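What follows is each chain in one-letter form.
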Amino acid sequence: MARVNEAIEGEEILRGVLDRWKAAVDAHQPQQVASYFTEDAIFQGLHPYSVGRQGVADYYASQPLDLAAAYRILEIRRSAEGLVLGYLSVAFSFADRPTLNVYLSVLLTHAQDGWYISHYQVSQL
């Protein structure tokens, strides 16, 4: 029973952060997207990796204005207190080109004021 509750809580935490991330990506708000990451987050999109919020903001600022994200959670793990690992499939859609389907791994870390993405890694299908 504890494992079921842990999974439900992990999904709620993951969705809480990722729903805000998705809304900011869809609205093309790079600084808002970056605010959901830790100050020292490791970020690996489809370009060379960066560390920190500014790298996240720069990455999303360089994306097309019509970029939209749709995610589906595939796996969730709570390996330690204050950590949630999520493995997802994400479809990034555009108005003028085919949808880009990727896998995304995120590690969420709990801080005093909430949950943040501390590691983000995309891999293409």
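Owing to the predicted nature of the structure, the values given are computational and were not obtained by experimental measurement. (Residues numbered from 1 in each chain as written. Predicted model: local features only at pLDDT ≥ 70, side-chain atom pairs only at ≥ 80, totals over all residues. Heavy atoms only, no water.)

Colleague: Where do I start with the side chain of Ser118 in this structure?
Modeller: Secondary-structure assignment places Ser118 in strand β6 (residues 114-124). Residues within four places of Ser118 in sequence aside, it is in contact with Thr38, Ala41, Ile42, Leu107 and Thr109. (Helix = DSSP H or I, 4+ residues; strand = E, 2+ residues; numbered from the N terminus. Contact = heavy atoms within 4.5 Å.)

Colleague: What exactly am I supposed to notice about the side chain of Arg78 here?
Modeller: Along the chain, Arg78 turns up in the loop between β3 (68-77) and β4 (83-93). Polar contacts involving the side chain of Arg78 include one to the side chain of Glu9, which spans 2.3 Å. Within polar-contact distance, the side chain of Arg78 engages the backbone oxygen of Leu83 at 3.4 Å. (Polar contact = N/O pair within 3.5 Å; in protein donor to acceptor, adjacent residues only side chain to side chain.)

Colleague: Would you take a moment to explain the pairing of β6 for this structure?
Modeller: Regular strands have side chains that alternate between both faces of the sheet. Of the strand pairs in this sheet, strand β1 (residues 37-44) and β6 are connected by 4 bridges, and their pairing is parallel. Paired with Phe43 across the two strands is Tyr120, which belongs to β6. Bridge analysis of strand β5 (residues 100-111) against β6 gives 10 bridges, and the strand direction is antiparallel. When the sheet's bridge partners are listed, Ala111 is paired in β6 with Gly114. The turn joining β5 and β6, which pair antiparallel and follow one another in sequence, is formed by 2 residues. (Pairing = 2+ DSSP bridges.)

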